[in-house]
Amino acid sequence: MTAVAADRVESAAHALGLAHELAAEFAEGAADRDRDRILPHHEVDRLAASGLLAITVPAAHGGADLPPSLVAEVAWVLAAADPNIAQIPHSHFVYLNLLRLAGTEEQRARWFGQVLDGARIANAQSERGGATVTDIATTVRPDGSGFLLQGAKYYCTGSLFAQILAVLTRLDDPDGTSGLDAGEYVLFLPADAPGVRIVDDWDGMGQRTTGSGTVTFDSVSVDRDQLIPRAAAVNAPTGYGAYAQLLHAAIDTGIARGALTAAVDFVRHSSRPWFEAGVDRAIDDPLVIQRFGELSVQVTAADAALVVAGAAVDAAVQATNPPPDPRDIDSTGVASAALADTGEDPGAAASVAVAAAKVLADRAANEVSSALFEVGGTRSAANATNLHHFWRNARTHTLHDPVRWKYQHIGRALLHGEAPPRHGVF
């Protein structure tokens, strides 16, 4: 996959203008692409060429250095138009943040430069077969002057459209010959490297065109400078996990908004009133009006919580801007004195705010996309309309992490003053 030449985005206003322009374009045909599983290669190229995928590149490396709240708003705008396209760059932004937090200056210069030129990053993170999602079997082990990567990854969103894969791996070096600390690393790898195989086998009921298939690595040769220690971002008070979850919440909230907009349009133009209402138009049925009021409140609440969470994540990122030196994090991920908690942890505050936003986004996306049929009537269930793609996309995307644990962390923070755990999921 060859990168397209990318324009430069200079401001938040410029970025949002582009997002709305592209969203209007992507909305046309979104339902058809979803129904027929037409992969959005052209649309993703348009997204990359716009420069929106480089908006978080730090100013020191030539980027606009826009905050997480702005990235979330862009994701929200895109998700309301096409949730598949909105999800594709999620990992791209997450791993740019990891590069900012944990990469060396040489690594930052290398990959930020490629992204400014239009390169796209996709995740190769999740695995199957372990006791939990945190068990990583994919390994990188010393081999001569370099390393060999071996393993398989699943649900690799965006991999079909990417030039760079961010591979979560574990160092296999019991003898310590590499000189690296034990633990997990993220390996930035060209998607077309020898030994890499990207398989288009995603068969989920929703998010059908996200390119979330399988990627295998068969003795892939890599260099030391491609490895970034994950602990420096995840285990220190950086807000890394909150940033990732903020973007998930933005996608879900966007789906809710898109479903509500589609419901309004369908009821205005296609639905018939129930005979007992005694009205000529479905939009004049008082029970339909009531239901739309309820749905609007749900979506508005999710939108508002997303804004609050975005501001909290902005504060957490600002606290690590400029980013810490990765050498300030020891091999177990424990922060040095320079990074230790001081009583006020913006990363913890961000996690709690994002947890609330995620709960409301999950609820709104699933309930509004289901209620679409309740207010739309029998005609809305026809396959030809494919209005069910909102529900399928919401139900599939919200499976990324269980919101029941969000309630737990919010409750513990309130009752015990206990900060949420630091990991890449929360």
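Coordinates for the structure precede this section.
If you're wondering where the values come from, they're calculated on a predicted model, not measured in any experiment. (Residues numbered from 1 in each chain as written. Predicted model: local features only at pLDDT ≥ 70, side-chain atom pairs only at ≥ 80, totals over all residues. Heavy atoms only, no water.)

A.B. asks: Looking at this model, I keep getting lost on the overall build of the protein. Mind explaining?
C.D. replies: A count of helices and strands for the protein gives 13 helices and eight strands. For 426 residues, the compact-globule estimate of 2.2 N^0.38 gives 22 Å, and the C-alpha radius of gyration of the protein, at 22 Å, lies within 12% of that figure. If one aligns the C-alpha atoms of the protein with their principal axes, the spans along those axes are about 80 × 50 × 45 Å. Of all 426 residues assigned to the protein, the portion counted as buried reaches 53%. Counting contacts in the protein only where the partners sit at least 6 residues apart, residues at least 24 apart contribute 78% of the total. As displayed, the protein offers around 18,100 Å² of accessible surface, 54% of which is attributable to carbon and sulfur atoms. Computed over 32 positive and 51 negative side-chain charges, the inter-centroid distance for the protein is 4 Å. (Helix = DSSP H or I, 4+ residues; strand = E, 2+ residues; numbered from the N terminus. Rg over C-alpha atoms; globule rule 2.2 N^0.38 Å. Buried < 20%, exposed > 50% of the residue type's maximum accessible area, 1.4 Å probe, protein only. Contact = heavy atoms within 4.5 Å. Areas by Shrake-Rupley, 256 points an atom, 1.4 Å probe, with all protein chains shown as cover. Lys, Arg positive; Asp, Glu negative; His and termini not counted. Charge placed at Lys NZ, Arg CZ, Asp CG, Glu CD.)

A.B. asks: Explanation requested: the pairing of strand β3 (residues 146-156) in the structure shown.
C.D. replies: Two faces belong to every sheet, and in a regular strand the side chains alternate between them. Two strands pair when backbone bridges link them, and strand β2 (residues 139-143) and β3 are joined in this way by five bridges, in the antiparallel orientation. Across the sheet, the residue bridging to Asp143 is Gly146, located in β3. Between the end of β2 and the start of β3, which pair antiparallel, lie two residues, with Gly144 showing a positive phi angle near 65 degrees. In terms of strand pairing, β3 meets strand β7 (residues 213-222) through seven bridges, oriented antiparallel. The residue bridging Phe147 from the neighbouring strand is Val222, located in β7. (Pairing = 2+ DSSP bridges.)

A.B. asks: What am I meant to see in the environment of Ala236 here?
C.D. replies: Its location among the elements puts Ala236 in the loop between α8 (231-234) and α9 (240-269). In sequence terms Ala236 and Leu387 are 151 residues apart; their C-alpha atoms lie 43 Å from each other.

A.B. asks: Quick question: what am I supposed to make of helix α3 (residues 41-50) here?
C.D. replies: Structural remark: α-helix, 3.6 residues per turn; residues separated by three or four positions point the same way. Buried within α3 are the following residues: Glu43, Val44, Leu47, Ala48 and Ser50. Angularly, the buried residues of α3 cover 160 degrees about the axis, an arc narrow enough to put them on a single face. Of the surrounding elements, those touching the buried residues of α3 are α1 (12-27), α2 (30-36), α4 (68-81) and α5 (83-87). After α3 finishes, the residue Gly51 shows a positive phi value of roughly 95 degrees. (Arc of directions from axis to C-beta.)

A.B. asks: Looking at this model, I keep getting lost on the pattern of salt bridges. Mind explaining?
C.D. replies: Side-chain pairing between opposite charges can occur once the charged atoms of the two side chains come close. Enumeration over the complete set of coordinates arrives at 20 salt bridges. For Arg257, the salt bridge goes to Asp303, with nearest N and O atoms at 2.5 Å. Of this pair, Arg257 sits in helix α9 while Asp303 sits in helix α10 (residues 286-318), and the two are 46 residues apart along the sequence. Overall, Arg257 belongs to the partly exposed group, its relative accessible area being 22%. (Salt bridge = Lys/Arg side-chain N within 4 Å of Asp/Glu carboxyl O.)

A.B. asks: So what exactly am I meant to see when it comes to the packing of aromatic side chains here?
C.D. replies: To describe a pair of aromatic rings, you give the distance between the ring centres and the angle between the ring planes. For the structure shown, the criterion picks out three aromatic pairs. A centroid spacing of 4.9 Å and a plane angle of 55 degrees characterise the contact between Trp111 and Phe188, whose relative ring orientation is tilted. Of this pair, Trp111 sits in helix α7 (residues 105-116) while Phe188 sits in strand β5 (residues 184-190); the two residues are 77 residues apart in sequence, bridging distant segments of the chain. Per residue, the accessibility class of Trp111 equals that of Phe188, and both read buried. With centroids separated by 6.2 Å and ring planes inclined at 85 degrees, the aromatic side chains of Tyr155 and Trp202 adopt a geometry described as edge-to-face. With a gap of 47 residues between them, Tyr155 in strand β3 and Trp202 in the loop between β6 (196-199) and β7 connect regions that are remote in the sequence. What makes Tyr155 partly exposed here is its relative accessible area of 39%. You can call Trp202 buried: its relative accessible area is 19%. (Phe/Tyr/Trp six-rings, centres within 6.5 Å; stacked < 30°, edge-to-face > 60°.)

A.B. asks: What am I meant to see in the nonpolar core here?
C.D. replies: The nonpolar side chains of a soluble globular protein tend to be buried with one another. Core analysis: the largest hydrophobic core is formed by 68 residues, its most contacted members being Leu47, Leu52, Ile55, Val74 and Val313. The set of elements that each furnish at least two residues to this core consists of α1, α3, α4, α5, α9, α10, α11 (346-376) and α12 (388-397). Looking at this core, the element that brings in the most residues is α9, giving 15 residues. Residue contacts for Leu47: discarding those within four places in its chain leaves Leu22, Phe26, Leu52, Leu53, Leu78, Ile85 and Pro89. Val94, Leu99, Leu168 and Ile228 belong to the second-largest nonpolar core, a separate cluster that totals 27 residues. (Core = buried A, V, L, I, M, F, W, Y, C linked by side-chain atoms within 4.5 Å.)

A.B. asks: Any chance you could explain the environment of Gly211 here in plain terms?
C.D. replies: For Gly211, the location among the structural elements is in the loop between β6 and β7. Residues Gly211 and Val199, spaced 12 residues apart in sequence, show a C-alpha to C-alpha distance of 9.0 Å. Once residues lying within four places of it in the same chain are set aside, the contact partners of Gly211 are Cys156, Thr157, Gly158, Ser159, Leu160 and Phe161.

A.B. asks: It is not clear to me how α1 should be interpreted in this structure. Could you clarify?
C.D. replies: Between its terminal C-alpha atoms α1 stretches 22 Å, which fits the 22 Å expected from 16 residues at 1.5 Å a residue. For α1, the set of buried residues is Ala15, Leu16, Leu18, Ala19, Leu22, Ala23 and Phe26. In a view along the axis of α1, the buried residues occupy a sector of 160 degrees, so they form one face of it. Exposed positions of α1 whose direction lies more than 90 degrees from the buried face are Ala13 and Ala24. Contacts made by the buried residues of α1 are with α2, α3, α4 and α5. Looking at the residues trailing α1, positive phi occurs at Gly29, about 90 degrees. (Expected span 1.5 Å × (residues − 1).)

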